[in-house]
Amino acid sequence: MAEDWRRIIATLADPTRRLVYASIVADVAVDIPPKKREKALAALSAAGLIVASGDGFVASETVFAELLTQAPAVTRTGIERFIRDGRIEQYPARPTDRDEVLAWAATQALKPGEVLTERALNERLLAMTDDVASLRRYLVDAGLVVRDAAGSGYSLAG
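S.K.: Teacher, can you tell me more about the overall build of the protein here?
M.R.: Counting its secondary structure elements, the protein contains seven helices and seven strands. For the protein, the succession of helices and strands along the chain, N to C, is α-α-α-β-β-α-β-β-α-β-α-α-β-β. Relative to the globule expectation of 15 Å for 158 residues, the C-alpha radius of gyration of the protein, 26 Å, shows a markedly less compact shape. Summarising its shape, the C-alpha atoms of the protein cover approximately 80 × 30 × 20 Å along the three principal directions. When burial is assessed residue by residue, the protein has 31% of its 158 residues classed as buried.

S.K.: Looking at this structure, I do not really get helix H2 (residues 15-26). What am I missing?
M.R.: The periodicity of an α-helix, 3.6 residues per turn, causes residues three or four positions apart to be oriented the same way. In this model H2 runs 16 Å from its N-terminal to its C-terminal C-alpha over 12 residues, within 8% of the 16 Å that 1.5 Å per residue would give. Looking at H2, one finds that the buried residues are Val20, Tyr21, Ser23 and Ile24. Projected down its long axis, H2 carries its buried residues within an arc of 160 degrees, all on one side. Those residues of H2 that are exposed and aimed more than 90 degrees away from the buried face are Pro15 and Val25. Taken together, the buried residues of H2 touch helix H1 (4-13), helix H3 (34-46), strand E1 (50-53), strand E2 (56-59) and helix H4 (63-70). Among the residues of H2, the N-terminal cap falls to Asp14, whose side-chain oxygen and the backbone nitrogen of Thr16 are separated by 3.1 Å.

S.K.: Which parts of the structure should I look at to understand H3?
M.R.: For H3, with 13 residues, the first-to-last C-alpha span of 18 Å sits near the 18 Å given by 1.5 Å per residue. All of the buried residues along H3 are Ala40, Leu41, Ala43 and Leu44. An end-on view of H3 places all buried positions within 165 degrees of arc, on one side of the element. Exposed positions of H3 whose direction lies more than 90 degrees from the buried face are Pro34, Lys35, Glu38, Lys39 and Ala46. Packing partners of the buried residues in H3 comprise H1, H2, E1 and E2.

S.K.: It is not clear to me how the nonpolar core should be interpreted in this structure. Could you clarify?
M.R.: A general feature of soluble globular proteins is that nonpolar side chains tend to end up buried together. Formed by 21 residues in total, the largest nonpolar core has its most connected members in Leu125, Leu135 and Leu139. Among the elements of the structure, helix H5 (95-109), helix H6 (118-126), helix H7 (132-141) and strand E7 (153-156) are those that each provide at least two residues to this core. The element contributing the most residues to this core is H5, with six residues. Listed in part, the 15 residues of the second largest apolar core include Leu41, Leu44, Leu49 and Val63.

S.K.: Any chance you could explain the pairing of E2 here in plain terms?
M.R.: In terms of strand pairing, E1 meets E2 through four bridges, oriented antiparallel. Bridging from a neighbouring strand, Ser53 pairs with Gly56 of E2. Between E1 and the antiparallel strand that follows it, E2, lie two residues; Gly54 among them carries a positive phi value of about 60 degrees.

S.K.: Whenever I open this one, the side chain of Ser60 confuses me. Can you help?
M.R.: Tracing the sequence through the fold places Ser60 in the loop between E2 and H4. Ser60 gets classed as buried once you look at its relative accessible area, which sits at 15%. Among the polar contacts made by the side chain of Ser60, one reaches the main-chain amide nitrogen of Val63 at a distance of 3.2 Å.

The rules behind the values
Counting from 1, residues in each chain are numbered in the order their sequence is written. Only residues with pLDDT of at least 70 get local features here, since the model is predicted, and only at 80 or more are side-chain atom pairs given and counted; chain-wide, interface and lining totals rely on the full set of residues. Hydrogens and water are ignored here; the side-chain numbers use all heavy atoms of the structure. Only DSSP runs of H or I reaching four residues or more are called helices, and only runs of E reaching two or more are called strands; each is numbered from the N terminus. The quantity called the radius of gyration is restricted to C-alpha atoms. Its globule counterpart is 2.2 Å times the number of residues to the power 0.38. Classification of residues uses two cut-offs on accessible area relative to the type maximum, computed with a 1.4 Å probe and protein chains only: under 20% is buried, over 50% is exposed, and between them is partly exposed. One less than the number of residues in a helix, times 1.5 Å, gives the span that helix is expected to have. Directions are taken from the helix axis to each C-beta atom, and the arc is the one they span. Whether two residues touch is decided by their heavy atoms; if any such pair falls within 4.5 Å, the residues are in contact. We define a polar contact as two N or O atoms separated by no more than 3.5 Å, with the added condition that, inside protein, one atom must be a possible hydrogen donor and the other a possible acceptor, whereas residues neighbouring each other in sequence contribute only through side-chain atom pairs. Grouping buried Ala, Val, Leu, Ile, Met, Phe, Trp, Tyr and Cys residues that are joined through side-chain atoms within 4.5 Å yields what is termed a nonpolar core. A pair of strands is labelled paired if DSSP reports no fewer than 2 bridges between them.

All we've got here are geometric facts, nothing functional implied.
See the structure below:
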């Protein structure tokens, strides 16, 4: 069972099998030579992607759900619990976790000694969140990023 996903992917990697599978899912006819179609149907059936129904085949209603139940649970630790694909998914409730996420964001956005305009900083923060104003404010309030006296430049706290 652990290798079921490999069998399904390998089956669907073949263009003829993929076309036959798509024709069954969409319930449309495709022009494929009978021998090729029979081989494709046998492979799709063996992989559990289709099941016999009356005088033909239908797409399995459960094959993908069953595969998903086999997937191992992903355990994320540290700040990865709050960051996915380089973006802040949620802000932690615990202050120490929140400080770690903000420290990560600050070092992603700014390099030591670098001074950015608000606009430039916003562009970098946009890679991490859609709410750049809040993140910028959190970084300043946490003392991780400082704004110059004129309010036009931002840099890492020294």
